[in-house]
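Report on the structure
Okay, here's what each chain looks like letter by letter:
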Amino acid sequence: MGSAAAEVLSERSSNKLVGIRFLEYLKGSSVSFKTHQAIVLIVTFLAYASYHATRKTTSIVKSVLDPQSSSNLGFNFWLVTNHTRSTLSSNLGDGWAPFNGSDGTLLLGQLDVAFLAVYAFGMYFSGHFGDRCNLRIFLTIGMVGTGVFTSLFGFGFWGNIHNFYYYLLLQMIAGLFQSTGWPSVVAVLGNWFGKRKRGLIMGIWNAHTSVGNIAGSLIASAMLGYGWGWSFLVPGLIMSFLGFLVFVILPVSPDLAGVQEDDYTCPKKSGDGDDVTESLLRQETPAQEKEKAVGFLEAWKIPGVAPFAFCLFFAKLVAYTFLYWLPFYVSHTAIDGKYLSSETSGSLSTLFDVGGVLGGILAGHISDRLNARAITAASFMYCAIPALFFYRTYGHISLLVNGTLMFLTGMFVNGPYALITTAVSADLGTHKSLKGNSRALATVTAIIDGTGSIGAAIGPLLTGYISAKSWSAVFTMLMGSALIAGLFLTKLVVSEVATKIEESRSNKAPECSLV
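Residues numbered from 1 in each chain as written. Predicted model: local features only at pLDDT ≥ 70, side-chain atom pairs only at ≥ 80, totals over all residues. Heavy atoms only, no water.

Going by what an unreviewed UniProt entry lists, the chain is known as Major facilitator superfamily (MFS) profile domain-containing protein and is assigned to Vicia faba. Under the heading Subcellular location (unreviewed entry), UniProt records this for the chain: "Membrane". (UniProt positions renumbered as here; feature names shortened; annotations may be inferred.)

Structure (structure tokens):
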């Protein structure tokens, strides 16, 4: 068996990626398993950060495309003097047809929902294909395609294009390419990292979401001064370059990369001989390598998939409403009696994502320590309710208060969102009911995040309509969504609490017998 394994590893080593070979040339020796893990973490981090950077651009440019709509959006402008209104209008400019008309906000909302609807629809298919093809190539196609169509949206500025359907079509195609990202990066990461400390590792790694949002906000805001087209072109070019990086250096799995480590071949702590033999056979025998990918309906039946998927539906509704509308909301809300420019509003909104970084790390770490994903996710969602209330009620007092409450809101909103889309998805994609089948990660991840993305599409769409009457109603919707998200995990929370109580009693039993 040992010689057979050596032959397989030798054959795969001759098929190494160009980027890995280049690193070995610089290093003068083979790249270790740990180095491969580091490469996977860094490359997938940059890859998905670029997805979010291109996704964030639209929210920054909204107030430039549609600067005049504030008087129709229920921001209590009847309290503002005519002088303040004219100052706000001159700061934002004349807008860009067809988005600067009376229905501009609704048109922008339709762009959001079109993008996210296609993204959610494509997610289910991406998970299906991701478990059946080379994830590196699949991810590269998605990144380059996203970069191209994001750039084409920006070309509307230089081409003086004012046809709404041009932008609508580009957003829909971009959404389809964007759907390739999440199932691919989570599946690759799940191939390289076991369950131990997965919550903490993925919580830190999931900072790519917030880092991408922050980078996208800062780049788009900085480019606005040169014309809004640059706010799309620059992130698009960066993403296409990173897609090329993925193609040349991203190792999909340890067996395909031709590397091996004891922790990988013996995934269970108990490590009995049968498990070791089964793992070795899975790597050495070609027939075993080509495991049958888990079907869509079969993946839905994995315990915990449905509750977490529906929880993410409402959690992502809240998160994406902030992603797409927060800069717009800030720029049209008087903070300490003043209105901020589009650039300043975009920069301030990054505090929500900074809070999200901390929230993701905390949620991952706490869930690892407690070994209770559902309890952690539900607790964060319930804490998001008062955070949303205080941000809406007191955010106008001053920049400091607004920024602080925005940070806390981001922490509680993005914490469970990050936990569910990373560690929970990876856990469920390698659930014991699958009996060791590793061909379910992308499908499970796609089901959970795809269902969440439907909520992500509905949230911004509803916000476009509801905000025309009252932003207080929007925040009521968000608080209700956070509550429902937590309630969907009730059964799992009860189960985890019962398990904890049972474990506590088991630990105390020997002490009682001594007495």
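Still more ground to cover, so stick around.
A separate point is the overall build of the chain. Looking only at helices and strands, one finds 24 helices and 0 strands in the chain. Relative to its 515 residues, the chain shows a buried fraction of 55%. The contacts in the chain between residues at least 6 apart in sequence include a share of 83% that link residues at least 24 apart. Of the accessible surface of the chain, which amounts to about 21,700 Å², a share of 66% is contributed by carbon and sulfur atoms. (Helix = DSSP H or I, 4+ residues; strand = E, 2+ residues; numbered from the N terminus. Buried < 20%, exposed > 50% of the residue type's maximum accessible area, 1.4 Å probe, protein only. Contact = heavy atoms within 4.5 Å. Areas by Shrake-Rupley, 256 points an atom, 1.4 Å probe, with all protein chains shown as cover.)

Bringing the pattern of salt bridges into the picture now. Scanning the entire structure with this criterion turns up 5 salt bridges. A salt bridge links Lys-62 to Asp-112; its shortest N-O distance comes to 2.5 Å. On the criterion of sequence distance, the pair formed by Lys-62 in helix H3 (residues 33-65) and Asp-112 in helix H5 (residues 104-130) is long-range, its members being 50 residues apart. On the basis of relative accessibility, which here comes to 0%, the residue Asp-112 falls in the buried class. Close ionic contact of Asp-368 with Arg-373 constitutes a salt bridge, the shortest N to O distance being 3.0 Å. (Salt bridge = Lys/Arg side-chain N within 4 Å of Asp/Glu carboxyl O.)

Attention now moves to the packing of helix H17 (residues 305-331) against helix H23 (residues 471-487). Where H17 meets H23, the axes come as close as 8 Å, and the angle between the chain directions of the two elements is 155 degrees. Between H17 and H23, the angle is such that the two are roughly antiparallel. Here H17 and H23 pass one another in a crossing that is left-handed. For the pair formed by H17 and H23, the contact residues are Cys-311, Phe-314, Ala-315, Leu-317, Val-318, Thr-321, Phe-322, Trp-325 and Tyr-329 on the first element and Trp-471, Phe-475, Met-477, Leu-478, Ser-481, Ala-482, Ile-484 and Ala-485 on the second. Looking at side-chain class alone, the contact of H17 with H23 contains 15 nonpolar, 2 polar and no charged residues. (Axes fitted to C-alpha atoms, helices over the stretch in contact; angles between N-to-C directions. Parallel < 35°, antiparallel > 145°, perpendicular 65-115°, else oblique. Left-handed = near helix turned anticlockwise from the far one by under 90°. Nonpolar A, V, L, I, M, F, W, Y, C, P; charged D, E, K, R; others polar.)

For the bond from Ala-97 to Pro-98, the omega torsion is 10 degrees, close enough to zero to count as cis. Note that Pro-98 resides in the loop between helix H4 (82-92) and H5. One non-glycine residue, Asn-160, lies in the positive phi region at around 55 degrees. Within the secondary structure layout, Asn-160 lies in the loop between helix H6 (135-158) and helix H7 (164-178). If you check the backbone angles, Asp-336 has positive phi at about 55 degrees while not being a glycine. Its place among the elements puts Asp-336 in the loop between H17 and helix H18 (342-348). Judged by relative accessible area, Asp-336 falls into the exposed class, the value being 53%.

A grouping of Phe-155, Trp-158, Tyr-226 and Trp-230 is seen on the molecular surface, where their side chains present a nonpolar patch of about 460 Å² in accessible area. Among the secondary structure elements, Trp-230 is positioned in helix H11 (residues 230-249). (Patch = residues over 30% accessible without salt bridge, like charges linked within 9 Å, V, L, I, M, F, W, Y side chains within 5 Å.)

A few words now on the packing of aromatic side chains. Tallying each qualifying case throughout the model produces 38 aromatic pairs. Their ring planes at 5 degrees and their centres at 6.2 Å tell us that Phe-115 and Tyr-119 sit as a pair that is stacked. Highlighted residues: Phe-115 and Tyr-119, both in helix H5, separated by 4 residues, approximately one helical turn. Each member of the pair, Phe-115 as well as Tyr-119, is classed as buried. For the cation-ring pair, Lys-62 lies above Trp-325, with the distance from its terminal atom to the ring centre recorded as 3.8 Å. Sitting over the face of the ring of Phe-247, Arg-136 holds its NZ or CZ atom 4.9 Å from the ring centroid. (Phe/Tyr/Trp six-rings, centres within 6.5 Å; stacked < 30°, edge-to-face > 60°. Lys NZ or Arg CZ within 6 Å of the ring centre and 35° of its normal.)

What follows deals with the environment of Ile-302. Looking at the element boundaries, Ile-302 is found in the loop between helix H16 (296-300) and H17. Accessibility expressed as a relative area gives 4% for Ile-302, which makes it buried. Sequence-wise, Ile-302 and Leu-428 are 126 residues apart; in three dimensions their C-alpha atoms are separated by 7.2 Å.

With that settled, the discussion passes to the nonpolar core. Phe-99, Trp-228, Phe-322, Val-330, Tyr-391 and Leu-478 are the most contacted members of the largest nonpolar core, which totals 122 residues. Residue contributions to this core peak at 20 residues, all from H17. Discounting residues that sit within four places of it in the chain, Phe-99 has contacts with Leu-65, Asp-66, Gly-104, Leu-107, Leu-108, Leu-111, Phe-164 and Tyr-167. (Core = buried A, V, L, I, M, F, W, Y, C linked by side-chain atoms within 4.5 Å.)

Attention shifts here to the side chain of Ser-231. Relative to the assigned elements, Ser-231 resides in helix H11. Taking relative accessible area as the criterion, Ser-231 reaches 0% and is therefore assigned buried. Excluding residues within four positions of it along the chain, Ser-231 makes contact with Thr-57, Val-61, Ala-220, Met-223 and Leu-224.

So, about the confidence of the model for the chain. For the chain, the average pLDDT comes to 79, and 79% of its residues sit at 70 or higher. Scored below 50 in pLDDT, residues 69-92 shows 38 contacts in the model against residues more than four places distant or in partner chains. Within the model, the stretch residues 263-290 combines pLDDT values under 50 with 38 contacts to residues more than four positions away or in other chains. (pLDDT = per-residue confidence, 0-100.)

Next up on the list: helix H2 (residues 18-27). Taken residue by residue, H2 has Gly-19, Ile-20 and Glu-24 as its buried positions. For H2, the angular spread of buried residues about the axis comes to 140 degrees, placing them on one side. Opposite its buried face, H2 presents the exposed residues Val-18, Tyr-25 and Leu-26, each directed more than 90 degrees away. Turning to H2, the residues buried within the fold contact H3 and H11. Looking one or two places after H2, you find Gly-28, whose phi comes out positive at around 80 degrees. (Arc of directions from axis to C-beta.)

This part covers the side chain of Ser-179. Structurally, Ser-179 is set in the loop between H7 and helix H8 (181-192). A distance of 3.1 Å separates a polar atom in the side chain of Ser-179 from a polar atom in the side chain of Ser-126. Other than its neighbours up to four places away in sequence, Ser-179 contacts Tyr-119, Gly-122, Met-123 and Ser-126. (Polar contact = N/O pair within 3.5 Å; in protein donor to acceptor, adjacent residues only side chain to side chain.)

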